[in-house]
Amino acid sequence: MVTRQALKGRETAALLRGIFKGSPCSQQSGVLRRLQVYKHCIPLVESGDLHLGKASEIIGLLMLEVDLPGHALAELATLFVDVIKAGSLSNGKSLELFSTVLTALAGSKESLAYGKGELNGEEFKKQLINTLCSSKYVHLWNTLFPDLVIVLSVDLEVATMPLDQLRHVEGTVILHIVSVINLDQDLGEELIRHLKTEQQKDPARALCPFSVALLLSVAVKHRLQEQIFDFLKTSITRSCKDLQFLQASKFLQDLFPQQYDVTTVILEVVKNSAFGWDHVTQGLVDLGFSLMESYEPRKPFGGKAADTSYGLSKMPAQQACKLGASILLETFKVHEPIRSDILEQVLNRVLTKAASPVSHFIDLLSNIVVSAPLVLQTSSSKVTETFDNLSFLPIDTVQGLLRAVQPLLKVSMSVRDSLILVLQKAIFSRQLDARKAAVAGFLLLLRNFKVLGSLSSSQCSQAIGATQVQADVHACYNSAANEAFCLEILGSLRRCLSQQADVRLMLYEGFYDVLRRNSQLASSIMETLLSQIKQYYLPQPDLLPPLKLEGCIMAQGDQIFLQEPLAHLLCCIQHCLAWYKSTVHLCQGAEDDDDEEEEEDVGFEQSFEEMLESVTRRMIKSELEDFELDKSADFSLSSGVGVKNNIYAIQVMGICEVLIEYNFNIGNFSKSKFEDVLGLFTCYNKLFEILKEKAGKNKSTLGNKTARSFLSMGFVSTLLTALFRDNAQSHEESLTVLRSSTEFLRYAVSVALQKVQQLEETGQTDGPDGQNPEKMFQNLCKITRVLLWRYTSIPTVVEESGKKKGKSISLLCLEGLLRIFNTVQQLYTARIPQFLQALGRHTVQFCSEETDINVTEKAAFQIRQFQRSLVNQFSSAEDDFNSKETQSLIIVLSTLSKLLDPASQQFLQFLTWTVKICKENALEDISCCKGLLSLLFSLHALYKSPVGLLRELAQDIHACLGDIDQDIEVESRSHFAIVNAKTAAPTVCLLVLGQADKVLEEVDWLIKKLTSLGSDTSEDSSQASNQAQALEKGVILQLGTLLTVYHELVQTALPAGSCVDTLLRSLSKTYAILTSLVKHYIQACRSNSNAIPARLEKLVKLSGSHLTPQCYSFITYVQKKKKKKEDEAAAISTVMAKVLRETKPIPNLIFAIEQYEKFLIHLSKKSKVNLMQYMKLSTSRDFRINASMLDSALQEHNAEDAENEPDNNQVRTRLSAVTDGFPLP
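Values in this document were obtained by computation on a predicted structure and should not be read as measured data. (Residues numbered from 1 in each chain as written. Predicted model: local features only at pLDDT ≥ 70, side-chain atom pairs only at ≥ 80, totals over all residues. Heavy atoms only, no water.)

Colleague: How do you make sense of the overall build of the protein chain when you look at a structure like this?
Modeller: Along the protein chain, the regular secondary structure elements total 51 helices and four strands. By element, 51% of the accessible surface of the protein chain is carried by carbon and sulfur atoms, the whole surface being about 56,100 Å². (Helix = DSSP H or I, 4+ residues; strand = E, 2+ residues; numbered from the N terminus. Areas by Shrake-Rupley, 256 points an atom, 1.4 Å probe, with all protein chains shown as cover.)

Colleague: Explanation requested: the nonpolar core in the structure shown.
Modeller: Formed by 283 residues in total, the largest nonpolar core has its most connected members in Phe387, Leu390, Leu445, Leu529, Leu720, Phe866 and Phe1114. For this core, the element with the most residues is helix α43 (residues 984-1014), which contributes 16 residues. Ignoring anything within four residues of it in the chain, the contact list for Phe1114 reads Ile964, Leu1049, Val1050, Thr1052, Leu1054, Val1060, Leu1063 and Leu1064. (Core = buried A, V, L, I, M, F, W, Y, C linked by side-chain atoms within 4.5 Å. Buried < 20%, exposed > 50% of the residue type's maximum accessible area, 1.4 Å probe, protein only. Contact = heavy atoms within 4.5 Å.)

Colleague: I keep staring at the packing of helix α32 (residues 713-725) against helix α33 (residues 732-739) and nothing clicks. Help me out?
Modeller: In helix packing, the relevant descriptors are the interaxial angle and the interaxial distance, both defined with respect to the helix axes. Interaxial distance between α32 and α33 falls to 9 Å at its minimum, and their mutual angle equals 105 degrees. Our classification of the angle between α32 and α33 gives roughly perpendicular. Contact residues: α32 offers Ala722, Leu723 and Phe724, while α33 offers Leu735, Leu738 and Arg739. Looking at the contact of α32 with α33, its residues break down into five nonpolar, no polar and one charged. (Axes fitted to C-alpha atoms, helices over the stretch in contact; angles between N-to-C directions. Parallel < 35°, antiparallel > 145°, perpendicular 65-115°, else oblique. Nonpolar A, V, L, I, M, F, W, Y, C, P; charged D, E, K, R; others polar.)

Colleague: When you look at the packing of helix α38 (residues 855-875) against helix α39 (residues 883-897) in this model, what are you seeing that I'm missing?
Modeller: Direction vectors running N to C along α38 and α39 enclose 160 degrees, while the axes themselves pass 10 Å from each other. By the criterion of interaxial angle, the relationship of α38 to α39 is roughly antiparallel. Of the two possible hands of crossing, α38 and α39 adopt the one that is left-handed. Residues Ala859, Gln862, Ile863, Phe866, Gln867, Ser869, Leu870, Gln873 and Phe874 of α38 touch α39, and the partners they reach there are Glu885, Thr886, Leu889, Ile890, Val892, Leu893, Leu896 and Ser897. The residue inventory of the contact of α38 with α39, partitioned by class, reads 10 nonpolar, six polar and one charged. (Left-handed = near helix turned anticlockwise from the far one by under 90°.)

Colleague: When you look at the packing of aromatic side chains in this model, what are you seeing that I'm missing?
Modeller: Tallied over the full model, the rule gives 24 aromatic pairs. The interplanar angle of 25 degrees and the centroid separation of 6.2 Å between the aromatic rings of Phe681 and Tyr684 together place this pair among those described as stacked. Note that Phe681 and Tyr684 are positioned in helix α31 (residues 671-697) at a spacing of three residues, about one turn of the helix. Take Tyr684: its relative accessible area is 9%, and that puts it in the buried class. Positioned above the aromatic ring of Phe332, the side-chain terminus of Arg339 is 5.2 Å from the ring centre. (Phe/Tyr/Trp six-rings, centres within 6.5 Å; stacked < 30°, edge-to-face > 60°. Lys NZ or Arg CZ within 6 Å of the ring centre and 35° of its normal.)

Colleague: Whenever I open this one, helix α18 (residues 339-352) confuses me. Can you help?
Modeller: Count 3.6 residues to each turn of an α-helix, and residues three or four apart come out pointing the same way. Across its 14 residues, α18 extends 20 Å between first and last C-alpha, which sits within 8% of the 20 Å expected from 1.5 Å per residue. Residues of α18 that are buried: Arg339, Ile342, Leu343, Gln345, Val346, Leu347, Arg349 and Val350. Where α18 is buried, its residues touch α16 (278-294), α17 (316-334), α19 (359-371), α20 (375-378), α21 (380-387) and α22 (395-411). (Expected span 1.5 Å × (residues − 1).)

Colleague: Looking at this model, I keep getting lost on the environment of Ala752. Mind explaining?
Modeller: Residue placement: Ala752 occurs in helix α34 (residues 742-762). For the pair Ala752 and Ser717, spaced 35 residues apart in sequence, the C-alpha separation works out to 7.7 Å. Not counting residues up to four positions away in its chain, the partners in contact with Ala752 are Val716, Leu720 and Ile783.

Colleague: Before we go on, may I ask you to explain helix α10 (residues 186-201) in this structure?
Modeller: Between its first and last C-alpha, α10 extends 23 Å over 16 residues, near the 22 Å set by a 1.5 Å rise per residue. For α10, the complete set of buried residues consists of Leu187, Gly188, Glu189, Leu191, Ile192, His194, Leu195, Glu198 and Gln199.

Colleague: Looking at this structure, how should I read the pattern of salt bridges?
Modeller: If charged atoms from side chains of opposite charge come close, those side chains can pair. Considering all chains together, one arrives at 26 salt bridges under this definition. In this structure, Arg416 and Asp417 form a salt bridge, with 3.9 Å as the shortest nitrogen-oxygen distance. For Asp417, a relative accessible area of 34% gives the class partly exposed. Put simply, Glu609 and Lys581 hold a salt bridge, and the shortest N to O gap is 2.9 Å. Of this pair, Glu609 sits in helix α29 (residues 595-621) while Lys581 sits in helix α28 (residues 566-589), and the two are 28 residues apart along the sequence. The exposure class of Glu609 is partly exposed, given its relative accessible area of 26%. (Salt bridge = Lys/Arg side-chain N within 4 Å of Asp/Glu carboxyl O.)

Colleague: Just to check I follow, could you spell out the pairing of strand β3 (residues 553-556) for this structure?
Modeller: In the case of a regular strand, side chains alternate between the two sheet surfaces. Relative to strand β4 (residues 559-562), β3 is paired through four bridges, and the arrangement is antiparallel. By the bridge assignment, Met554 is partnered in β4 with Phe561. Between the end of β3 and the start of β4, which pair antiparallel, lie two residues, with Gly557 showing a positive phi angle near 70 degrees. (Pairing = 2+ DSSP bridges.)

Colleague: How should I be thinking about the side chain of Thr237 in this particular structure?
Modeller: Residue position: Thr237 is located in helix α13 (residues 222-247). At a separation of 3.0 Å, a polar atom in the side chain of Thr237 contacts the main-chain carbonyl oxygen of Thr234. Excluding anything up to four places from it in sequence, Thr237 contacts Tyr295, Pro316 and Ala320. (Polar contact = N/O pair within 3.5 Å; in protein donor to acceptor, adjacent residues only side chain to side chain.)

Colleague: Help me out: how do you make sense of the side chain of Ser290 in this one?
Modeller: With respect to the helices and strands, the residue Ser290 is situated in helix α16. Look at Ser290 and you get buried, because its relative accessible area is 15%. A distance of 3.1 Å separates polar atoms of two side chains, one belonging to Ser290 and the other to Lys233.

That is the geometry; function is a separate question.
This is the structure we're talking about:
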């Protein structure tokens, strides 16, 4: 009977339901009858005689009725195994039922007979799976796609066998499946389609380590590789976006406490592949490179490639790129045979992608070398081939590449010699980049090939970077060879001192690091610098100026170029001399060195000191006229004279800064030396003011861009500490000289701000230790302590800014603190506890990373200091209110709040305080209002859903701006004083709508999750049902409160413009999401006969009573305002075009409302609940007749004399006057 009904296409499901209803499982006969039905239906479905829809209907019903006793389930599962063994499955449709049977069997506690023993349901299931996984049945795998693959992957993951044995079993299963797909590639496409479908239901179940490994093994076949990689990359970015979405919302976190992360799964595959999964490795490598290339850093049009390797990877694309690098690195560590291939591909991409950012590939190369330094020795030929192309690469790429492979140069003579040949050839190249590459390479060699007797890195206070491997070169090469080698390189570099300024600049910036790492080269380097500076130094003691600036420039036709970066040369001399005196000279004094060599060293040291002393004295005496740089000088870049003067000005300012640092360091708090420092600053400041003045008048001057300061980061921290925190009695007299100059204090803080900005943007600073992360971190801590003390001790209000205009020192300190807090969170995330700990000490001491530091408590302490400052701003007189300072304070608080644990009491206190500030302060400054409300929203979202907050703000906006119906007086409900006449529109209104849109995005995301839960029948039905109910409740409550927000806003008399347009678009989105929710319930009604929940009826009723009618009234209000604007305008055609553009959101909103009502009708029919009773019939949108105007027009028409009856055109004109809306067709 069942067969006959099914073949004729009749109601087979009803017949089966009747049989099952009359066969209860409580009776033995009922169980036997049910088994017979299953045994009959499985072959029937597999026969291929049934329509696909009918077969699916039967299988779906059988899956719902699978609640059988354990012995019956075992018999049914054994039947399936026998059918599979016999190869009797033709289309595999019944395997959907097999999956359900196995799941039900695993939950059975009944003792089941198996062979001569007894097993429980879980054990029985494992025996069946082991039978199917045996190689004896490999030829049957083509019948197991795609459902059984998912079943096996889940069951293998929860197996209780030893881990290594489990991984080997998984590898064997993958090999069998791949072999079948090789015979029939259509099965591979079916597998991909099935996994995509399963992923929509449950990503954790579809993309587990087993299934990902399977996909990567299949991806070796080029026909399927693109599909698989697209699927995996989409899954990765979606997972990253979902995690980012969840982290910003406590509401979503409560609903999804554990979120699936596909990146963890893929890295687990790499780990598992160590168990002989050689068939997976190629897929892993290809996926890793595909991710790195697809999501690599982007290069702005016409600009320099953005290098974000030093910052945090927060965007999904950056996270995907980082995952690709992790896959390759971990695969490199695990699989030795494929290492050479990975290394070759990395090097090839560094070479071929020179025009694109390659920092991520260079970072990967560095990590590869650190993980296995000797692997490069076996691949030295590939590295040598790469060296041949150095001349054609950008200098940044060259430096990164050489740093990455530098350990190989210490252990391979052939590689080192090949590099030297390439560099020697490049140093005479016509291409500037090639010569710069040569200089970079030679400096690297000098830093790393030490001459015997050089101080160790620890003695030089030099930390080795993470990309460098410390090795004792003397074990490979003798000292004499190293010394001869280094002196030969120095000879080559001396020839570069006659080349372009860029090449010389690299030398001057690199000599200091060479000197510090290879101290035995000190004499040679210092002599080289001495001979170079003598070309520009004027020894006559009374001659002004002391340096020949004209020798620093070069003319080519009408163009003027900088030939000698004199300030950089002097800066290099100053730092090298300071290091030499503090380190090498002291060490030599303790040793019995050769007297002649010591006298020679003392000779150049004395020469440098006398020269710097003379230059200092004469620079202080020099007037700007001596440099031909007075106020009357031309500084425009359009003339040769202007270019020359700009170059001179930058050089003179740089020289002054170098001498300021030199004299401060050697002064030992001498009053006379500090007077010299102030005199040098006076010279610097005069030029700075002139350039600043000229920049205001002429945009084509270098003064528009603040030149980088020549002060080192270490000196800036020392200087600030001395100026603001040094309380030593012996230093007071000398420091008073500097402290008396407000301009000098402002200058010191400004330079600190510039250095921090450079560190934030590039990850390093100019000058000594600029590329040493540890030193930079220590300097940041010192600077922060000083700026924090200065800002909190001397408020901006009481600070005298002096006669000259400019930012106050306190405001500069605040800006510096803001940049530092951002920089630390970007570059030193792992060191944040130590950073906060250092701020709380009287002297900067750095505790070990193992020390337990409560970040929330430390951050809350700092937050309280800035809270007090903000409160002082709000309580100050109107004239004393500083908008810029208030904005900066709010941003600082926002930045520090990210360090608070959202679950902590301190976070709740800060949120409560922020709410109180917004409620009690009638802030009228637009920017401050925007910053404060943004802070409030970001905090509130991490505590709970902000919909209640949005409702109160919407009520305040409504009360402040009035109602669209002027006859209605809005109840005065002021929740937040920050909402006032100046801020309500557009500032607060747009912020509220923006936050409402974020809530709508969350709701939309939840509805999609709801839909996937509704279609998933694989999990425990009660668990899935409970989760679905929680999601439904959350969605409806969010939408219900949001409707009350919009209820207020659509009745508000908003000014025409951005507020109205944004509100209309937001309403359209709201109705679209309401429609999605209704569609979900329509689908739910189709799959089961459950009634719709009461809370949905309330939501529909609320939308029908509190939103839709008000939307139509708001549309009428908007159109009247548009019409009024049109009537008042002169240029009708232009205004009409604008009006049409502005009214486009209106038909979109009307369409969204109608779609919502349309699907409500469908849901009413499906659920047998009349939901349309809550919806009022909407007005026709073809035209609307204004009844009052129509009556007056008709009365006027009837009163007219018949002789003066108007013609048709007049009648049409009057009718158009009373129709409001879209024109008649």
